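What follows is each chain in one-letter form.
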Amino acid sequence: MESLGDAYSGDSRFAGRDPRRVYAGAALGVLGALAVVVAVLVVTTPLSTVLGVSDLRAAEKLAGTLGGLGIPAMFLSVVAVLPSSTREQVGVVLGTGLCLVGIGLFQRAYPHRWTTGAETMAFETTMAYFLGAGLAFWFVFTAMTSFRARNNPQGMVRLELTQQGESKTVQVSPEEYRRYAKAIRSDGGETEEIIRELESRAED
């Protein structure tokens, strides 16, 4: 039952995740959002000139690249910050990989092989990026949905008890969950009583 006590320690907000990963994910999300904002500003303000990009096509290419990188970066940040399963993490990584393929095609295609010429690549580029973004978004959505369900105050909370290598699951109400958390955090000698109570419920 040490894991139950750990769950209510001062670092419980990380839910067993590495704080460095959470902070890195948050930083990645900020950088992704900033990249999207800069992409918009590059084609709508004189910022492109400040960045040394005076040609319109070159500015559009830079904006497309920054925006294309920013969106999957924000998707990755969500699964890094929120508690997420390995399946969700792998799904977002695969989606991001497809987005990067689309960005690579965009670098080759724009502007001369985009929509004009004998071998245009706009369709292939768009589909690669669209499929990648769609895949990443789906797994981000499932991660956010499962996180919200776990924190829904109207639902039941599931606690896993492990004793001598055997795991049992106990469902408690949000009120009981908060009572257990308060008792364990206070360290008022009630931890053993709570353990016995949960073990007896697991045996029922």
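Residues numbered from 1 in each chain as written. Predicted model: local features only at pLDDT ≥ 70, side-chain atom pairs only at ≥ 80, totals over all residues. Heavy atoms only, no water.

Focus on a nonpolar patch on the surface
Formally: Candidates for patches are residues over 30% relative accessible area with no salt bridge; among them, like charges are joined within 9 Å and nonpolar side chains (Val, Leu, Ile, Met, Phe, Trp, Tyr) within 5 Å. Reported accessibility uses the Shrake-Rupley method at a 1.4 Å probe radius. Residues are deemed covered only where the shown protein chains occlude them. The rule for a salt bridge is simple: a side-chain nitrogen of Lys or Arg has to be within 4 Å of a carboxyl oxygen of Asp or Glu. Only runs of H or I of at least four residues qualify as helices and only runs of E of at least two qualify as strands under DSSP, and these elements are numbered from the N terminus. Only protein chains enter the accessibility calculation, which uses a 1.4 Å probe; a residue is then buried when its area is under 20% of its type maximum, exposed when over 50%, and partly exposed in between.
On the surface, a nonpolar cluster with roughly 520 Å² of combined accessible area is contributed by Leu98, Phe123, Met127, Phe130 and Leu131. Per-element tally for the nonpolar patch: the top contributor is helix 6 (residues 122-150), with four residues. For Phe130, the position within the fold is in helix 6. Exposure remark for Phe130: the relative accessible area of 57% places this residue in the exposed category.

So, the nonpolar core
The line we're drawing: Take the buried residues of types Ala, Val, Leu, Ile, Met, Phe, Trp, Tyr and Cys, join any two whose side-chain atoms come within 4.5 Å, and each joined set is a nonpolar core. Residue contacts are counted whenever heavy atoms from the two residues lie within 4.5 Å of one another.
Phe75, Val79, Val92, Cys99, Ile103, Tyr129, Ala133, Ala136, Phe139, Val140 and Ala143 together form the largest nonpolar core, which totals 11 residues. Taken together, the elements giving at least two residues each to this core come down to helix 4 (56-81), helix 5 (86-109) and helix 6. The biggest single contributor to this core is helix 6, with six residues. With sequence-adjacent residues up to four places away left out, Val140 is seen in contact with Phe75, Val78, Val79 and Val92. In terms of nonpolar packing, the next biggest core, distinct from the first, is built from nine residues, Leu159, Leu161, Ile184 and Ile194 among them.

Here we look at helix 2 (residues 19-44)
Put simply, the rule reads: To estimate how far a helix should reach, multiply one less than its number of residues by 1.5 Å.
Counted at 1.5 Å a residue, the expected span for helix 2 with its 26 residues is 38 Å, and the 38 Å between its end C-alpha atoms agrees. Restricting attention to buried positions, one finds in helix 2 the residues Val22, Gly25, Gly29, Gly32, Ala35, Ala39 and Val42. In this structure, the buried side of helix 2 is in contact with helix 3 (47-50) and helix 4.

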